[in-house]
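Listed here are the chains, written in short residue letters.
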There are 2 protein chains.
Amino acid sequence: MKRSWPLFVVLNLALVPLTLSERLQESPRIRAERLRARLEALGEIGRTPEGGVSRPAFSDSDIRGRNYVIGLMKESGLEVRTDPAGNIIGRRAGKDKDAPPIAIGSHLDTVPNGGKYDGALGVIAALECVQALEEGGFETRHPLEVVIFVDEEGGLIGSRGMIGELDGKTLDHVSQSGKTVREGITALGGNPDHPEGARRAKRDIAAYLELHIEQGGILDSRKIPIGIVEGIVGIARWDVTIEGSANHAGTTPMDQRRDALLAAARLILEANRIVTEEPGSQVGTVGRIQAEPGAVNVIPGKVDMSLELRDISMDKVRSLFSRIRAEGQRVERETNTGISFTAIEETPPTSTDARLRDLIRESAADLGLSSLDLPSGAGHDGQSVARIAPIAMIFIPSVGGISHSPKEFSRPEDIADGTRVLLRTLLKVDGANLDNP
Amino acid sequence: MKRSWPLFVVLNLALVPLTLSERLQESPRIRAERLRARLEALGEIGRTPEGGVSRPAFSDSDIRGRNYVIGLMKESGLEVRTDPAGNIIGRRAGKDKDAPPIAIGSHLDTVPNGGKYDGALGVIAALECVQALEEGGFETRHPLEVVIFVDEEGGLIGSRGMIGELDGKTLDHVSQSGKTVREGITALGGNPDHPEGARRAKRDIAAYLELHIEQGGILDSRKIPIGIVEGIVGIARWDVTIEGSANHAGTTPMDQRRDALLAAARLILEANRIVTEEPGSQVGTVGRIQAEPGAVNVIPGKVDMSLELRDISMDKVRSLFSRIRAEGQRVERETNTGISFTAIEETPPTSTDARLRDLIRESAADLGLSSLDLPSGAGHDGQSVARIAPIAMIFIPSVGGISHSPKEFSRPEDIADGTRVLLRTLLKVDGANLDNP
């Protein structure tokens, strides 16, 4: 649709009044156009034909993305190093040489054919904050560290390195790039054989703040620009195996079948019913399924599938699972199959810091932006950092709640507002007495 | 468990009375031990670690199996040739030089890790009949042909060649062996570029008889040794595609999902309900399923699966499908997904010849064996041959109804009885006036 601007607007562009949030903003100035341009430039690195981004950790595109960001860090006067876990750390000195640094950042790696905002937003916004401070001649009391965690999508690898939890099994795991994590970290200039060098102790970091897209659709559907993350949900995952009997699809009467896929279909529906029928924000998903032998003319004799449950309360996750397992036993009996659940992963929930949440809330209010407390359904590096420092996260809306997809999109105005809240919160943290909790 | 035999049985082994079926048998004598030994020997060719047989058409093991059988044919005095479609034809002359041959046979190829009986039984039994005639000095009026159809499991390739229906598309299809059908037939000594040389016209064959394992569990569970195949069911197959929306399994609230796998699970259960809730022997199967992207932490955005329906009446298949499709539309609406069905294959049902069925029934009765008329839920080469000649099939029990599996098993006594019925029927056909229907 063509839009015609009233003449006085065109003539008065230079004099156009500041928005409410701009008027309330303190002097270090976030530049929305620079944010947008840098996110676009980063989105070109690993761009896919579908318009998404493939920048799995340790891939060539990941390395190019890192080099681009290291360049920006140096432009902003940061002192840049790669820690032994492969994390990039750009440091800006503070007035108080004994104060621990405030860390801000996110990650650069993406899922295959993912989006331009997940991770990248938090990195570019952190750089914008530092650059705004630099341009405004602002000095903080604490040193600042822009941290770019390595391989977030592969399982919070960099942040686990930072808290000393990178074990041999994880290092030997073959990452999405085809390299093992160990090979990948080495290629980035880390030193995976001495990961203890990356380790930060409790109180080594004053606070960790991260700006991220919501990935869900709550802020977008409710038109709220700022989300304050209450905590990161706990995740439990199972491999589910259903054993039936493979047989000829033409010659086996319906009442003599032990069809593993039919049993799986029932279990999928029952799990969904159990997760959805009680109030709350818990989620449950079967994302992966394989039927064997998998031929059009053979009754499936075996199904392997995944089950994942998430909630901010692990008790709720456990209670949902026990109901699903009980239902599984009924399906087992009624379909003459065998159903087994093997727990493969359990990540406990993480709480964000209440004082930091208050500072985010105040900052949003200062800028005239409404905010909403909400859980993060996705995992983030903050989960690791929370073990050694207070953490908080700021979410901005994802249009349509879409993420991990070429269609992932956040509006430039939301990006700028989120970055302003990040900067303002950072300055409040710098002024607050968070060092001695 | 050790079993102790009463002394008189041990002493009288050589004098043990003939069974009813042995007493009723005519002079050409089926040798049960030879049948068993040859089936075992054939089962060693392509034997898998699980005790099954992998002898896909055109593979090295298929070629070795064919060479073994060609050797047996020559031992029995048959004149052996490979037709341009790759079928092996072993001919024994008859008294009447103008009479068309009676054909008996089956196939040697198997599904991957299949059983020792599917196909092989009919081949070894046909050879046993000819050998018994030879040993008994029996001459038939009609010439006899033992036919070993090529690549039955890959889609009745050899028998389609025999009726002139082997088209370029089929010849270019990559078979289970990795070779195209064209390359495979060439490797077997056929001439796929001139398949018309394999073509037999109407009345070129007096009748076609095949002995086969039931593959289902009807004869076994009812303890009936002989099945008389009423017809071969019609088969219709569809590719079913369900389009939802892939999204983050942690951040997407349950009520904002468009989960393609959840919709697929509902459709699988509805299809099963529709197929089972009305009386009859129709079957319906979803054997293949794939969810994309197929990750534990991503809501499936797309599911591809198969749907197969079989019945002796194509009208019933069509009516079942229209009910499943209607149910699919309801699922589509209720899950906010898109479901489409693409017909990929339709094989009409085949009737066996009523006169031949009567001769099988008489033969079984002569031998004191009970018999049951039943449909074949599986496809067989007889479907093709029925286009040019009267056909019939004799089934023997599959223990537990298992086939296409290393566990496929038929008892030696059932194999011998089935072969006796085949031979007796063959001789009745030779005496009957089937040439001028």
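Residues numbered from 1 in each chain as written. Chains lettered and ligands numbered in written order. Predicted model: local features only at pLDDT ≥ 70, side-chain atom pairs only at ≥ 80, totals over all residues.

1. What to know about the domain arrangement of chain A
Part 1 of the argument: Split by domain assignment, chain A resolves into domain 1 (19–233 + 349–431) and domain 2 (234–347).
Part 2 of the argument: Of the residues lining the interface, seven residues belong to domain 1 of chain A; the matching set on domain 2 of chain A comes to ten residues. (Domains from an automatic or database assignment. Contact = placed C-beta atoms within 7 Å.)

2. Remarks on the relation of the copies chain A and chain B
Part 1 of the argument: With an axial shift of 0.0 Å and an RMSD of 0.1 Å, the rotation relating chain A to chain B amounts to 180°. Overall, the copies show the geometry of a two-fold rotation axis. Ranked by how close their C-alpha atoms come to the rotation axis, the residues of chain A are headed by A265 of chain A, at 2.1 Å. (Least-squares fit on C-alpha atoms with pLDDT ≥ 70 in both.)

3. Points about helix 14 (residues 412–431) of chain B
Part 1 of the argument: The end-to-end C-alpha distance of helix 14 of chain B, which contains 20 residues, comes to 29 Å, matching closely the 28 Å that a straight helix rising 1.5 Å per residue would cover.
Part 2 of the argument: In terms of burial, helix 14 of chain B is a largely internal element, 16 of the 20 residues being buried. (Helix = DSSP H or I, 4+ residues; strand = E, 2+ residues; numbered from the N terminus. Expected span 1.5 Å × (residues − 1). Buried ≥ 20, exposed ≤ 12 C-beta atoms within 10 Å, placed from the backbone.)

4. As for the pairing of strand 10 (residues 289–292) of chain A
All names here are of chain A.
Part 1 of the argument: Of the two faces of strand 10, the one holding I289 and A291 is buried and the one holding Q290 and E292 is not buried anywhere.
Part 2 of the argument: Where strand 10 and strand 12 (residues 302–311) come together, four bridges link them in antiparallel fashion. The partner of Q290 across the bridge, within strand 12, is D304. (Pairing = 2+ DSSP bridges.)

5. Structural notes on unusual backbone geometry
Part 1 of the argument: For the bond from E292 of chain A to P293 of chain A, the omega torsion is 0°, close enough to zero to count as cis.
Part 2 of the argument: Residue L156 of chain A is not a glycine yet carries a positive backbone phi of 55°.
Part 3 of the argument: Along the chain, L156 of chain A falls in the loop between strand 4 (144–149) and helix 6 (157–162).
Part 4 of the argument: Residue classification places L156 of chain A among the buried residues on the basis of 25 C-beta atoms within 10 Å.
Part 5 of the argument: Within the chain, K223 of chain B stands out as a residue other than glycine whose phi angle is a positive 55°.
Part 6 of the argument: Tracing the backbone shows K223 of chain B in the loop between helix 9 (218–222) and strand 6 (226–232).
Part 7 of the argument: For K223 of chain B, a count of 8 C-beta atoms within 10 Å corresponds to the exposed category.

6. Things to note about the packing of helix 3 (residues 32–44) of chain A against helix 14 (residues 412–431) of chain A
Residue and element names in this part refer to chain A.
Part 1 of the argument: Across the interface, helix 3 lies against helix 14 with an axial gap of 9 Å and an inter-helix angle of 110°. Between helix 3 and helix 14, the interaxial angle falls into the category roughly perpendicular. Crossing hand, helix 3 versus helix 14: right-handed. For the pair helix 3 and helix 14, the contacting residues are A32, L35 and R36 in the first and P412, I415, A416 and T419 in the second.
Part 2 of the argument: Residue composition of the contact of helix 3 with helix 14, grouped by class: five nonpolar, one polar and one charged. (Axes fitted to C-alpha atoms, helices over the stretch in contact; angles between N-to-C directions. Parallel < 35°, antiparallel > 145°, perpendicular 65-115°, else oblique. Left-handed = near helix turned anticlockwise from the far one by under 90°. Nonpolar A, V, L, I, M, F, W, Y, C, P; charged D, E, K, R; others polar.)

7. A closer look at the nonpolar core
Part 1 of the argument: Formed by 81 residues in total, the largest nonpolar core has its most connected members in I104, C129 and L422 of chain B.
Part 2 of the argument: Counting residues per element, this core draws most heavily on helix 5 (residues 120–135) of chain B, which supplies eleven residues.
Part 3 of the argument: Once residues lying within four places of it in the same chain are set aside, the contact partners of I104 of chain B are A126, C129, L144, V146, L209, E210, L422 and L426 of chain B.
Part 4 of the argument: One finds A57, A85, I104 and L423 of chain A within the second-largest nonpolar core, a separate group that totals 79 residues. (Core = buried A, V, L, I, M, F, W, Y, C linked by C-beta atoms within 7 Å.)

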